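# Chain and residue survey
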Amino acid sequence: MMDKAALRKDFLSKRMSLTEDDSLVKNNLICQNLFAALTLKGSETIHLFLPQIIKKEIDTWQIINQLQASFSQIRIVAPYVIPGTKEMEHYLLDKNTKLITNPWGIPEPDPATSIRVNVEEIDRVYIPLLAFDERGYRVGYGGGYYDRFLAKCRPDIVKTGLSFFDPVSKIDDIDPYDMPMNACIMPEKIWTW
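This report concerns the structure included in the present document. (Residues numbered from 1 in each chain as written. Predicted model: local features only at pLDDT ≥ 70, side-chain atom pairs only at ≥ 80, totals over all residues. Heavy atoms only, no water.)

## A look at the side chain of Thr 97
Under the convention used in this document: Where helices and strands are cited, they refer to DSSP runs of H or I of at least four residues and of E of at least two residues respectively, numbered from the N terminus. Here a polar contact is recorded for every N or O atom pair within 3.5 Å, except that within protein the pair must consist of a potential hydrogen donor and a potential acceptor, and residues adjacent in sequence are included only if both atoms are side-chain atoms. Residue contacts follow a heavy-atom distance rule, with two residues in contact if any of their heavy atoms lie within 4.5 Å.
Within the fold, Thr 97 resides in the loop between strand S3 (88-92) and strand S4 (99-101). Within the structure, Thr 97 has its side chain in polar contact with the backbone oxygen of Leu 92 (distance 3.0 Å). There is a polar contact of 2.8 Å between the side chain of Thr 97 and the backbone nitrogen of Asp 94. Beyond its immediate sequence surroundings of up to four residues, Thr 97 is in contact with Leu 92, Pro 109 and Ser 114.

See the structure below:
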């Protein structure tokens, strides 16, 4: 059975076993594939997670830096987890954004000094994940933060996962709160639904 708990354990272990060189190569390929497929419709607002380095998450800083250098008309937004809740707020990420580190070791915009962005303003979101399946469903760390966030977004938001690894055929314990992605970018290929 391929349930979320088993997939979470298996894929976190796979990710943690990547060498620094493997991670670097895979990160570079994901970044290249993202920009090869990126079609912007003017001044968009793009939501990106900031990487949890201790868990060897995909290094989104390379993507962020290239977006900022190449597309001056877009706004980049990053999440902030509201302490004591399962909710996130979203803040502009630019050269003036002060970052703080949350209890999980994830950098976040400091809400005291950053500009808050409403979820309705976000046009596309790049989603962290541990595993995903061939139907577009993902397995995260189990907190449900992104499912709650995505449920509040506009119906036309573009939801794209970023993954080091190929999909599994099917996640067995999908529930009604799970939000399928529109695409998932991997080092070797891009899945779309």
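From this point on, the discussion continues.
## Quick look at the packing of helix H2 (residues 20-37) against helix H3 (residues 61-70)
The following threshold applies: Inter-axis angles, ranging from 0 to 180 degrees, are taken between N-to-C directions of lines fitted to C-alpha atoms, where helices are fitted over the stretch in contact. Crossing chirality is assigned from the near helix's rotation relative to the far helix, an anticlockwise turn below a right angle marking it left-handed and a clockwise turn marking it right-handed. In this classification, Asp, Glu, Lys and Arg are treated as charged, Ala, Val, Leu, Ile, Met, Phe, Trp, Tyr, Cys and Pro as nonpolar, and every other residue, Gly included, as polar.
Contact geometry of H2 with H3 gives a least axis separation of 9 Å together with a crossing angle of 35 degrees. The interaxial crossing formed by H2 with H3 has right-handed handedness. Facing Asn 27, Asn 28, Cys 31, Leu 34 and Phe 35 of H2, the residues of H3 in contact are Gln 62, Ile 63, Gln 66 and Leu 67. The class makeup of the residues in the contact of H2 with H3 is five nonpolar, four polar and no charged.

## Notes on the sheet that holds strand S11 (residues 190-192)
Two modes of strand pairing occur in sheets, parallel and antiparallel, and in both the strands are linked by backbone hydrogen bonds. Note the following rule: Here, strands pair whenever DSSP counts at least two bridges between them.
Taken together, the seven strands give an open sheet; going across it, the order is S3-S2-S1-S6-S9-S10-S11, and neighbouring strands pair in mixed fashion. The open sheet has two edge strands, S3 and S11, and neither has a second partner. In this sheet, neighbouring strand axes are inclined to one another by 25 degrees on average, regardless of whether the strands run parallel or antiparallel. In terms of strand pairing, strand S2 (residues 75-81) meets S3 through five bridges, oriented antiparallel. What sits directly across from Pro 79, in S3, is His 90. Where H3 meets the sheet, its contacts fall on strand S1 (45-48), S2 and strand S9 (158-162), and the angle it forms with S1 comes to roughly 165 degrees.

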